[in-house]
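Listed below are the residues making up each chain.
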Amino acid sequence: MSGGQVTGRGNRGVAAPHAHRQVGDHAVVIGAGMAGLVAARVLADHFLRVTVIDRDHLPDGPTPRAGVSQSRHIHILLARGMALLDQLFPGLEDELLAAGAVPIDFPGDALWLSPAGWSQRFRPGLRLVSCTRPLLERSVRRRLAASATVGFLEGQEATGLTADEVVRLGPGGACSRRCSRSSRLALPPCPRPRSPRD
């Protein structure tokens, strides 16, 4: 990724500088939480198209959503986790900090009580980043939505999966629109699904 864009092969048909082997044409990820978003980013290097399905309508801003029960909890990205996310999404840490995330020098800025007593404070240069879960998800989701490879289907609830005769995940799952009658959702081969608003 560079400049906030996914650099997989995508619909452009041009290999990225660090091109990976293409595994298939279309991957489907169920859930637009952090695990689903990171999975979509990694799959974008191996599939021409990635669709992320989520039962929630994804918010424009850093707003908690019903499908993420822990979205109102305090979140801290540990140093290695932030480094890995920044590799997948270059500039993400700077974006989060500019949006109000708080850097924490650990354990210099922290104090905790354990059975051995109070922790010692010192500054080894280990930086953690504290931000809200909605801010983190929104920042990652916007980067994915800006790509030509990843699309989102909002307000869809996966209720099952189907497999074809060679027992690989088929082109779609059994889905239903939330608060409506059950139906099967066949994912369109072209064009790619609508992306959330920037």
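The structure we're discussing is the one just above.
Here's a quick rundown of the structure.

Definitions and cut-offs
- Residues numbered from 1 in each chain as written.
- Predicted model: local features only at pLDDT ≥ 70, side-chain atom pairs only at ≥ 80, totals over all residues.
- Heavy atoms only, no water.
- Salt bridge = Lys/Arg side-chain N within 4 Å of Asp/Glu carboxyl O.
- Helix = DSSP H or I, 4+ residues; strand = E, 2+ residues; numbered from the N terminus.
- Buried < 20%, exposed > 50% of the residue type's maximum accessible area, 1.4 Å probe, protein only.
- Core = buried A, V, L, I, M, F, W, Y, C linked by side-chain atoms within 4.5 Å.
- Contact = heavy atoms within 4.5 Å.
- Pairing = 2+ DSSP bridges.
- Axes fitted to C-alpha atoms, helices over the stretch in contact; angles between N-to-C directions.

Think of it this way: side chains of opposite charge can pair up when their charged atoms draw near. Following the criterion strictly, the structure yields twelve salt bridges and no others. In this structure, the salt-bridge partner of glutamate 95 is arginine 142, at a minimum N-O distance of 3.7 Å. Placement of the pair is glutamate 95 in helix 3 (residues 92–98) and arginine 142 in helix 4 (residues 133–145), with a sequence separation of 47 residues. By relative accessible area, which is 21% here, glutamate 95 ends up partly exposed. We classify arginine 142 as partly exposed; its relative accessible area is 32%. For the salt bridge of glutamate 95 with arginine 143, the shortest nitrogen-to-oxygen distance reads 2.8 Å. Here the residue glutamate 95 occupies a position in helix 3, and arginine 143 occupies one in helix 4, the gap between them amounting to 48 residues.

Counting residues in each nonpolar core, the largest one holds 27 residues, and the members touching the most others are Leu96, Leu136 and Phe152. Within the residue set of this core, elements represented by two or more residues are strand 1 (24–30), helix 1 (34–43), strand 2 (47–53), helix 2 (79–88), helix 3, strand 7 (126–132), helix 4 and strand 8 (150–153). In terms of residues, this core owes the most to one element, helix 4, which gives five residues. Residues contacting leucine 136, with those up to four places away along its chain left out, are Met34, Leu77, Leu85, Leu92, Leu96 and Cys131.

We now examine the sheet that holds strand 4 (residues 102–106). Spatial ordering of the open sheet is given by 3-7-4, a layout of three strands whose pairing is antiparallel. Each edge of the sheet is formed by a strand with only one pairing partner; in this case those strands are strand 3 (74–77) and strand 4. Put simply, the sheet's adjacent strands are angled 35 degrees from each other on average, direction ignored. Relative to strand 7, strand 3 is paired through four bridges, and the arrangement is antiparallel. Residue pairing across strands places leucine 77 opposite valine 129, the latter belonging to strand 7. Sitting on the sheet, helix 2 touches strand 3 and strand 7, and the angle it makes with strand 7 is about 75 degrees.

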